[in-house]
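Okay, here's what each chain looks like letter by letter:
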Amino acid sequence: MTNDVLLRADNLVRSFPARDSAWHGKRTVVRALNGVSLSVAHGETLAVVGESGCGKSTLARALVRLIELDSGQILFAGENVRTLRGDALRRYNRRVQLVFQDPYGSLNPRMTVGEMLEEALRVHQIVASSHQAARITELLSLVRLPSAATERVPHEFSGGQRQRVAIARALSVQPDVLIADEIVSALDVSVQAQILNLLLDLQRDLGLALLFVSHDLRVVRHLAHRVAVMYLGRVVEIGDADAVFTSPLHPYTQALLRAAPQMRVDRRSANVALTGELPSALALPAGCPFHPRCPLAFDLCRVQAPTLHAGKDGHQAECHLMDRPAETV
C-alpha cells in the first residue's frame, strides 16, 4: 500500500425528493449524502461502515456515477470525474468498478458466464478477440471457479459462486479501484470468509484499491487498512482501522463496537450504549444529528453541528467532545 491518493470524494451531497407521509404528504427531501469526504489510496482498503440507511450504498453508486450528485467533487488520479463525458467517462468506468450486494440481480439471467465476460472484454477492447477465451479462463481462475463455469447461467450457481462471477466481471476490465457494496452480507459465514480471503489475495496480486461497504464490524476488522464510519449521510469518524477499533473517538463508533457480539467477557467494551431510535432522514435534528441518541450530549450538541476534529495520526471525528477537557466529559 502507498500513500498516493487514487480516488477522492470532497463534500458530496445528494438529496432525493420525498413526502413526509404516505398519502398526499408535504413535499420534502431526504439528504442521503450530506457532505461526505474521504479518499482511498493505491493498494489500500477503506471500509465504510454504519447502520442501514446511513448512505453507504448511495455513496458507492455516486462514486461510479450511477447516481448524479447535487454538489461536491470526485477526483480520480487528479481528474474531476463529474465533468467526464463520452469516451472519458467510459475510461473512468473501466478503472473504477462496482460489485453489487445482490449478484443475482446484477447478472443477466439469460447470458452464460462466458458471454458476460466476453461482452466486457469486447466493449472495453481489453484484449484481441483471438485471446478472449484464454483471458476468460484466466479470470475464472483468479476467482477460483472452474473453466467449465463459462457454459453456465447465473441460476445454476450458489450465492457465493455468483458473487465470484460478479467479481470476475468487474476484474475483466482491469480496474484500479474495486468498490464492494455489502458483497458478503447475504452469504453464509464460511462462504463470507472465502470471499474475503479472495479479496485480500486479489488486492495483493493485482494492487487494487478497495472501497469496502459493510455493516459488519467483524468483517471490516479482518479486511480494512482504514475505516470511515457514516451516520445519517455524514462521515462521523475516519482513521486507521486499529485506531478506530481500539480507541474510537465518536460516541456512535463506541456504541457500534459495544453492540458487536463478543464471545469473551474480558473483551467486551465498556463504552457507551445507544439509546433511542434513529432519527428520520426527512427531519434531521438540529445541531449534531447524533445528539438525540448520545448519552454524552450537552447543550452545544443540540444547537451546533460539529466539524471533523483531528486526533493522532490522521484519526478524525465529528464530535464536540473533542474540544472539551477530558475531566468534563
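Residues numbered from 1 in each chain as written. Predicted model: local features only at pLDDT ≥ 70, side-chain atom pairs only at ≥ 80, totals over all residues. Heavy atoms only, no water.

*Asks:* How would you summarise helix 6 (residues 159–171) if you had to cite specific residues and measurements?
*Replies:* Between the first and last C-alpha of helix 6 there are 19 Å, a value that for 13 residues agrees with the 18 Å anticipated at 1.5 Å per step. Among the 13 residues that make up helix 6, 10 are buried, leaving the element largely enclosed by the rest of the structure. At its buried positions, helix 6 is contacted by strand 6 (96–99), helix 3 (103–106), helix 4 (113–123), helix 5 (132–142), strand 7 (177–181) and helix 7 (189–206). (Helix = DSSP H or I, 4+ residues; strand = E, 2+ residues; numbered from the N terminus. Expected span 1.5 Å × (residues − 1). Buried < 20%, exposed > 50% of the residue type's maximum accessible area, 1.4 Å probe, protein only. Contact = heavy atoms within 4.5 Å.)

*Asks:* Can you tell me about empty space enclosed by the protein, naming the residues and giving the values?
*Replies:* Throughout the structure, instances matching the rule amount to two cavities of 30 Å³ or more. Approximately 80 Å³ is the volume found for the largest cavity. Along the walls of the largest cavity sit His250, Pro251, Cys288, Phe290, His291, Cys294, Cys301, Pro306, Glu318, Cys319, His320 and Leu321, which together make up its complete lining. Tallied by class, residues from the lining of the largest cavity come to eight nonpolar, three polar and one charged. Taken as a whole, the second largest cavity encloses approximately 30 Å³ of empty space. (1 Å grid on protein atoms, 1.4 Å probe; cavity = no way out; pocket = protein on both sides within 12 Å on 5 of 7 lines; lining within 4 Å. Points joined across faces, edges and corners; volume = space filled by probe spheres on them. Nonpolar A, V, L, I, M, F, W, Y, C, P; charged D, E, K, R; others polar.)

*Asks:* Can you explain the nonpolar core? Please cite residues and give values.
*Replies:* With 38 residues, the main nonpolar core has Ile167, Ile183, Val184, Leu199 and Phe212 as its most contacted residues. Where this core is concerned, the elements lending two or more residues are helix 4, helix 5, helix 6, strand 7, helix 7, strand 8 (209–214) and helix 8 (217–223). No other element matches the six residues that helix 6 contributes to this core. When near neighbours in sequence (up to four residues on either side) are disregarded, Leu199 contacts Ile167, Leu178, Ile183, Leu210, Phe212 and Leu223. (Core = buried A, V, L, I, M, F, W, Y, C linked by side-chain atoms within 4.5 Å.)

*Asks:* Describe the environment of Glu138, with residues and values.
*Replies:* Its location among the elements puts Glu138 in helix 5. Classification of Glu138 by relative accessible area gives partly exposed; the value is 43%. Linking Glu138 and Leu171, residues 33 residues apart in sequence, is a C-alpha distance of 11 Å.

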